[in-house]
Structures are given as C-alpha cells and as structure tokens.
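# Survey of secondary and tertiary structure
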Amino acid sequence: MKLLCVKCDEAMKFKDAEGDSTDGSSGLVFVCNKCGNSFAMLINQMEAQLVKSLGVQVGGRKEPAQPMEMIKEALVTGEAQKPGSVSWDGDAEERLKKVPMFVRPMVRKGIERYAADNGLSRITTDVMDKAKQKSGM
Ligand SMILES: [Zn+2]
C-alpha cells in the first residue's frame with residue numbers, strides 16, 4: 001500500500017497511528033517528506049485487523065513487512081499432519097516416487113489407509129509390499 005501526495009507526486013511516509021479502543025478503529029497518519037502535508041486515514045476495526053493480518057504492524061515494524069505472511073501461515077497449517085496420520089520411511093518415500101505421477105496420490109492414499117487400518121504409524125517398504133499384496137496393485 002502506498003499513498004501519494006497529490007501535490008508532489010511523492011510517496012507519503014507512515015507517521016503515526018491512533019487507535020481507538022472503544023470501537024477498535026484506527027487513524028493512520030501519513031506525511032509527505034517534501035511539503036510536510038499530512039494525510040489521515042480512518043479505518044474501522046475490520047480493516048485494522050485486515051491490515052494487521054497482512055503483516056503490516058500499525059505503528060511500523062523493525063523488519064521488512066512480508067505481505068505473504070498470512071498466506072504462508074495458512075499453508076503451513078494446511079500441511080500440518082492430521083492427528084493419527086502415518087509417516088513415511090525414507091526408502092518407502094523413494095519407492096513411491098517410482099510410481100507414475102498420475103496414480104501416485106491414489107497409491108499413497110491406499111497405502112496410508114492400509115497402514116491406518118492395521119494400526120501402523122510408519123510406512124516402510126515392507127508395509128508397501130503388504131498393502132500391494134492386499135490391494136492387488
Ligand atoms: Zn507533498
């Protein structure tokens with residue numbers, strides 16, 4: 001987000017933030033370094049949260065802002081292992097890579113289901129063999 005001073009066509013610098021604790025709204029103050037013109041933007045609680053969730057800390061932050069912060073976090077959470085899910089042995093993982101790409105997710109799922117059904121938490125090549133025999137893959 002960038003605010004331009006209309007007069008100078010200069011990017012305005014973030015100067016101050018005034019939070020209102022009663023309704024959660026915030027006033028953001030920007031100032032133009034060239035002419036000293038200041039500009040205040042009033043944002044409501046929802047917008048303030050949106051700005052914060054985008055990694056922009058009202059009042060400025062020391063390290064450079066990372067606009068993808070929220071999305072990154074969401075991805076990390078999405079990849080988190082579900083409770084009770086199985087883990088793959090290095091060798092088993094290698095062997096799975098030899099399976100053609102288009103059937104790999106199906107094979108992976110089948111083996112994971114076999115492991116879950118049999119109370120196995122770790123998939124080894126041995127488990128793969130057994131799952132294969134059982135499913136006829
Ligand atoms: Zn200006």
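All values derive from a computational prediction rather than experimental measurement.

When you go through the protein chain residue by residue, the secondary structure sums to 5 helices and 7 strands. Secondary structure elements in the protein chain, listed N-terminal to C-terminal, are β-β-β-β-β-α-α-β-α-α-β-α. Counting every position in the protein chain, which comprises 137 residues, the buried fraction comes to 22%. Excluding contacts between residues fewer than 6 apart, the proportion of contacts in the protein chain whose partners are at least 24 apart in sequence is 35%. Carbon and sulfur atoms provide 55% of the accessible area of the protein chain, an area that totals close to 10300 Å².

Glancing now at the packing of helix H4 (residues 104–117) against helix H5 (residues 125–135). Here H4 crosses H5 at 100 degrees, and the two axes come no closer than 9 Å. When the interaxial angle is binned, H4 and H5 end up roughly perpendicular. Contact residues: Ile111, Tyr114 and Ala115 in H4; Val127, Met128, Lys130, Ala131 and Lys134 in H5. Its residues assigned to classes, the contact of H4 with H5 shows 6 nonpolar, no polar and 2 charged.

Turning next to unusual backbone geometry. Both trends apply: most residues other than glycine have a negative phi, and most peptide bonds are in trans. Within the chain, Asp9 stands out as a residue other than glycine whose phi angle is a positive 60 degrees. Inspection of the secondary structure puts Asp9 in the loop between strand S1 (4–5) and strand S2 (10–11). On the accessibility criterion, Asp9 (58% relative accessible area) is exposed.

What counts, and where the lines are drawn
- Residues numbered from 1 in each chain as written.
- Predicted model: local features only at pLDDT ≥ 70, side-chain atom pairs only at ≥ 80, totals over all residues.
- Heavy atoms only, no water.
- Helix = DSSP H or I, 4+ residues; strand = E, 2+ residues; numbered from the N terminus.
- Buried < 20%, exposed > 50% of the residue type's maximum accessible area, 1.4 Å probe, protein only.
- Contact = heavy atoms within 4.5 Å.
- Areas by Shrake-Rupley, 256 points an atom, 1.4 Å probe, with all protein chains shown as cover.
- Axes fitted to C-alpha atoms, helices over the stretch in contact; angles between N-to-C directions.
- Parallel < 35°, antiparallel > 145°, perpendicular 65-115°, else oblique.
- Nonpolar A, V, L, I, M, F, W, Y, C, P; charged D, E, K, R; others polar.

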